[in-house]
Amino acid sequence: MSASKHIQTILNGTIQSLKSVIPIAMDIKSPSLMVQPFEQKEMGVLIGIIGDIKGRIIIDSTAESFSAIGATMFGMPLEGEMLESFTGELGNMVAGNICTSVAGNGVEIDITPPTVIVGTTRLFGFQHAFKLPVEIENVGEMTIILTIDE
């Protein structure tokens, strides 16, 4: 299977994963190519991908949006260390779900433990990156970045 087919499979798996993990209506926009550096404004989670394709999944949003997702899933707003822990676990759930989804399409990947990133950050060092904007109803915007290392 070609790299572009792997990328398409992972992007489709990401969309499916978001819809199954986050129990809120969302509008997922079309993916687009992006260039370095990726600039995170407030809060996100980074998860490495290894296997048939190597790269990273970054889920970027605001603390307020992650807290609102947590409130919907657990019935209470999250803040501080609980919010940071939840953000990492949300990334883990989404990425784990992607692994399961793409395996059914012949792409074998595994994930690294999540790294929560808080504050303004600039990420460099990837060959290609795809940006998947998501608008979550009554929550706000979330951006999924898929970086690919050759």
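Analysis parameters
- Residues numbered from 1 in each chain as written.
- Predicted model: local features only at pLDDT ≥ 70, side-chain atom pairs only at ≥ 80, totals over all residues.
- Heavy atoms only, no water.
- Core = buried A, V, L, I, M, F, W, Y, C linked by side-chain atoms within 4.5 Å.
- Buried < 20%, exposed > 50% of the residue type's maximum accessible area, 1.4 Å probe, protein only.
- Helix = DSSP H or I, 4+ residues; strand = E, 2+ residues; numbered from the N terminus.
- Contact = heavy atoms within 4.5 Å.
- Axes fitted to C-alpha atoms, helices over the stretch in contact; angles between N-to-C directions.
- Parallel < 35°, antiparallel > 145°, perpendicular 65-115°, else oblique.
- Left-handed = near helix turned anticlockwise from the far one by under 90°.
- Nonpolar A, V, L, I, M, F, W, Y, C, P; charged D, E, K, R; others polar.
- Polar contact = N/O pair within 3.5 Å; in protein donor to acceptor, adjacent residues only side chain to side chain.

Peer 1: Can you help me understand the nonpolar core in this one?
Peer 2: Soluble globular proteins tend to bury their nonpolar side chains together. Leu18, Ile22, Ile69, Leu90, Ile109, Ile136 and Met142 are the most contacted members of the largest nonpolar core, which totals 38 residues. Put simply, the parts of the chain that give this core at least two residues each are helix 1 (3–21), strand 1 (26–28), strand 4 (43–51), strand 5 (54–61), helix 2 (63–74), helix 3 (80–103), strand 9 (128–136) and strand 10 (140–149). Ranked by residue count, the leading element in this core is helix 3, at 8 residues. If we ignore the near neighbours within four places in the chain, the residues touching Ile22 are Ile69, Leu90, Ile136 and Met142. Of all hydrophobic cores here, the second largest spans 8 residues; its members include Met34, Ile58, Ile117 and Phe126.

Peer 1: Help me out: how do you make sense of the environment of Thr9 in this one?
Peer 2: Assignment of secondary structure puts Thr9 in helix 1. Here the alpha-carbon distance between Thr9 and Ile98, two residues 89 residues apart in the chain, equals 9.5 Å.

Peer 1: Explanation requested: the packing of helix 1 against helix 3 in the structure shown.
Peer 2: The packing of two helices is summarised by the inter-axis angle and the distance between the axes. Contact geometry for helix 1 and helix 3: axes closest at 8 Å, N-to-C directions at 125°. With respect to their mutual orientation, helix 1 and helix 3 come out oblique. For the pair helix 1 and helix 3, the crossing hand works out as right-handed. Between helix 1, through Thr9, Ile10, Gly13, Thr14, Gln16, Ser17, Leu18, Ser20 and Val21, and helix 3, the contact on the second element is made entirely by Leu90, Met93, Val94, Asn97, Ile98, Ser101 and Val102. A class-by-class count of the residues in the contact of helix 1 with helix 3 yields 8 nonpolar, 8 polar and no charged.

Peer 1: What exactly am I supposed to notice about the side chain of Thr143 here?
Peer 2: Assignment of secondary structure puts Thr143 in strand 10. The buried category is assigned to Thr143, whose relative accessible area is 15%. The residues contacting Thr143, other than those within four sequence positions of it, are Ile58, Ile59, Asp60, Lys131 and Leu132.

Peer 1: Please explain the side chain of Gln40 as it appears in this structure.
Peer 2: Mapping Gln40 onto the fold places it in strand 3 (residues 38–40). One polar contact links the side chain of Gln40 to the main-chain carbonyl oxygen of Ile117, over a distance of 3.1 Å. Looking at Gln40, its side chain comes within polar contact range of the main-chain oxygen of Gly119, at 2.9 Å.

Function cannot be inferred from these measures alone, as they are strictly geometric.
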